[in-house]
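Structural characterization, general
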There are 2 protein chains.
Amino acid sequence: MNPIDLRAQIQARMLEALPHPDQAVRAELAEYARMLRDYPERGGKMLRGMLLVYAGLAHGARLEQLLPVAAALELFQNWALIHDDIEDASEERRGRPALHRLYGMPLALNAGDALHARMWAMLIEARASYLVLDEFVRVVDLTAQGQHLEMSWMQTHRFDLTEQDYLLMCAQKAAYYTAVAPLRLGALSAGVEPPATYIEAGLNLGIGFQIVDDVLNLEGDPVKYGKEIAGDLWEGKRTLILLRWLSQASEPERIRAETLLRTPREAKHPEEVAWLHQRLRESGAVAYAQAEAERRLAAGLEALRPVLAELPDQEAAQTMLRLLESLVRREA
Amino acid sequence: MNPIDLRAQIQARMLEALPHPDQAVRAELAEYARMLRDYPERGGKMLRGMLLVYAGLAHGARLEQLLPVAAALELFQNWALIHDDIEDASEERRGRPALHRLYGMPLALNAGDALHARMWAMLIEARASYLVLDEFVRVVDLTAQGQHLEMSWMQTHRFDLTEQDYLLMCAQKAAYYTAVAPLRLGALSAGVEPPATYIEAGLNLGIGFQIVDDVLNLEGDPVKYGKEIAGDLWEGKRTLILLRWLSQASEPERIRAETLLRTPREAKHPEEVAWLHQRLRESGAVAYAQAEAERRLAAGLEALRPVLAELPDQEAAQTMLRLLESLVRREA
């Protein structure tokens, strides 16, 4: 199956599991259905779900077993984004206003909870194995811990962070569910104990993915990227790029940047954001982060290749490798 | 087992499943652990978990099978309350500031998500049956729908609601998880198909419980109740009491009350809240609601008695009946 058809199948599977406005018994519940379907209908790349399916096929599972698990992982992404957008007071998601900007915070928070439950429902109704369910528990546990780390740094205005701090946060918040979990869930869905390599290699690839996300946030094409360019600066996010630049900046520039990042979004001056944006780009910190992402991509792929070469379906394994490369080498 | 010991066992089981600050590898994650444990440590009545255990024992299940399911239902209550308190901008919970007042909204929202995942983890790690998992899916689905109904009425300033509207919202938002789900989960944990009576009888009892909650919010003892007295008026909640009063109020009083309820919490005048509080109490609307709760309690118990009389453990069945009565006849 080619990636474009697969993506459409995962999205269709996700939407089938959600309430439909036409079946709602009241106008309010039609709105509820529209809210649950909103982010899933906007699409997204569905790289994680696709990665999971190719990993599972490579291990010998059938597509029909894999689709609900892949759709559940994409539902994870969708409910987590609804809640992230509230937590970060984000303006946009996938090129449109964030859900809480359209419907208000209380209804959007609740829709995120409902979508979270639909994720478990997808797995439970498909009678996914307890080992698959255990892995989803790990996904949500780790992501919530990483999210707590990042948000507590922002709330307490901490900038005394090392690259190791960033990497721990990034591994928990993004890398595990982006690359480790899809690989492991593919194997688990095939009834196979996941190779140990999947953890370290997946973390490298997932961290590479997140670093590229941070780069695109500063340097991406606004149309392809789909989120607010420099949104991370408006929101005061700690990224590898920022931490690298802070560690090398002059004292006055460091103080100027930290003052800006500590200021609440609505009180930030656009000229100051533009100044920091420009400094990060011209200082070499973006290039440093891009090189780090490439290094992690190479290390992850190198570790995976010999393991994947042993798997029963080599065509799926090759497609999966190409998809993993595209996690890091992308424009959106 | 007596209810006091059982309550302690359910709480202990809940807390065992949560991260502990002493085991955290970083200070930020110790804070995360404290946040997840905060509401569960505050206690609460745990009536739902206790009801589930007695129902399960009555059906012949063992305590050890029932405790994780009961603890999971109490975890449901706890994460839902964290998110409710954010959605409603509540000040207090169980006699202390709400979690988002202590830690800020973003961290509290995330802690609620983490606790939601811990609910599923509790069930999955105990290898609860898929039928039990299916019932938890229903619990979260229905509660989220009921919550959407209530919040969308508040957000759109709707007061053109009938008692039937209230009853639908109340059945979905509160009654199902308060009484239907504990009865059904008790039976399902014993490997028994739940008697059909549990649905209608549980809805009557659960709606009775919620109506009493609305009464206590206006007339409760502030110490025993543990939440802000008249908080429902500050938050603009639609209750049976309010809808009854509005349907009988004079035009000027109705307009005055609706204007107050539409005003955001922070802009409300305390004297206006006190006026409406007094009008509801002296008009007979509170007494009307109290009588409706009593009627539903009697109907629910009457429907249950013949079914419970057939169950293998009659001592547990009797304790369960007493507990169901206390759902409606209570001061906190």
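Preceding this section is the structure that the text describes.
Only a predicted model underlies this, so the values are computations on that prediction, with no experimental measurement involved. (Residues numbered from 1 in each chain as written. Chains lettered and ligands numbered in written order. Predicted model: local features only at pLDDT ≥ 70, side-chain atom pairs only at ≥ 80, totals over all residues. Heavy atoms only, no water.)

**Considerations on the relation of the copies chain A and chain B**
- Note on the copies: chain A fits chain B at an RMSD of 0.0 Å, the axial shift is 0.0 Å, and the rotation between them is 180°. Here the symmetry operator amounts to a two-fold rotation axis.
- Interface residue correspondence from chain A to chain B reaches 100%, placing this contact among same-surface, isologous pairings. (Least-squares fit on C-alpha atoms with pLDDT ≥ 70 in both. Contact = heavy atoms within 4.5 Å.)

**Here's the deal with helix α1 (residues 3-16) of chain B**
Residues and elements named next belong to chain B.
- Spanning 14 residues, α1 covers 20 Å between terminal C-alpha atoms, matching the ideal 20 Å at 1.5 Å per step.
- Turning to α1, its buried residues number three or more, namely Leu6, Ile10, Gln11, Met14 and Leu15.
- If you follow the buried residues of α1, they end up packed against α2 (27-42), α3 (47-58), α4 (63-87) and α6 (105-125).
- Regarding α1, its N-cap is Asn2, as a side-chain oxygen of that residue lies 2.9 Å from the backbone nitrogen of Ile4 further along. (Helix = DSSP H or I, 4+ residues; strand = E, 2+ residues; numbered from the N terminus. Expected span 1.5 Å × (residues − 1). Buried < 20%, exposed > 50% of the residue type's maximum accessible area, 1.4 Å probe, protein only. Polar contact = N/O pair within 3.5 Å; in protein donor to acceptor, adjacent residues only side chain to side chain.)

**Some points on helix α14 (residues 270-282) of chain A**
All names here are of chain A.
- Between its terminal C-alpha atoms α14 stretches 18 Å, which fits the 18 Å expected from 13 residues at 1.5 Å a residue.
- For α14, the full list of buried residues reads Val273, Trp275, Leu276, His277 and Leu280.
- In this fold, the buried residues of α14 make contact with α9 (197-219), α11 (231-235), α12 (240-248), α13 (251-262) and α15 (285-308).
- Immediately downstream of α14, the backbone of Gly284 shows phi near 95°, a positive value.

**Digging into the packing of α1 of chain B against α3 of chain B**
Residues and elements named next belong to chain B.
- At a closest axis distance of 10 Å, the pairing of α1 and α3 adopts a crossing angle of 110°. Accordingly, the angle class assigned to the pair α1 and α3 is roughly perpendicular. In this structure, α1 crosses over α3, and the sense of that crossing is right-handed. From α1, Pro3, Leu6, Arg7 and Ile10 reach across to α3, where they touch Gly49, Met50, Val53 and Tyr54.
- Counted by class, the contact of α1 with α3 contains six nonpolar, one polar and one charged residues. (Axes fitted to C-alpha atoms, helices over the stretch in contact; angles between N-to-C directions. Parallel < 35°, antiparallel > 145°, perpendicular 65-115°, else oblique. Left-handed = near helix turned anticlockwise from the far one by under 90°. Nonpolar A, V, L, I, M, F, W, Y, C, P; charged D, E, K, R; others polar.)

**Thoughts on the interface of chain A and chain B**
- Across the contact, 48 residues belong to chain A and 48 residues belong to chain B.
- Between chain A and chain B the total buried area reaches about 4400 Å² when both faces are included, carbon and sulfur atoms providing 62% of it.
- For the pair chain A and chain B, the number of links is eight salt bridges.
- Where Glu28 of chain B meets Arg158 of chain A, a salt bridge forms, and the shortest distance between an N and an O atom there is 3.5 Å.
- Summed over the shared surface of chain A and chain B, the result is 24 residue pairs in polar contact (both at pLDDT 80 or more).
- Broken down by secondary-structure element, the contributors of at least two residues to the side of chain A that touches chain B are α2 (27-42), α4 (63-87), α6 (105-125), α7 (130-155) and α8 (163-189) of chain A. (Buried area = accessible area lost by both parts, 1.4 Å probe. Salt bridge = Lys/Arg side-chain N within 4 Å of Asp/Glu carboxyl O.)

**Overview of unusual backbone geometry**
- With a phi angle near 55°, Met46 of chain A is a residue other than glycine that sits in the positive phi range.
- By secondary structure assignment, the location of Met46 of chain A is in the loop between α2 and α3 (47-58).
- The class of Met46 of chain A is buried, set by a relative accessible area of 3%.
- At Ala89 of chain B, a position not held by glycine, the phi torsion is positive, near 55°.
- Mapping Ala89 of chain B onto the fold places it in the loop between α4 and β1 (92-93).

**Description of the side chain of Arg118 of chain B**
- With respect to the helices and strands, the residue Arg118 of chain B is situated in helix α6.
- Arg118 of chain B sits in the buried class, given a relative accessible area of 11%.
- Apart from the residues lying within four places of it in its own chain, the contact partners of Arg118 of chain B are Val137 and Asp141 of chain A together with Ala17, Leu18, Leu36, Leu75 and Glu125 of chain B.

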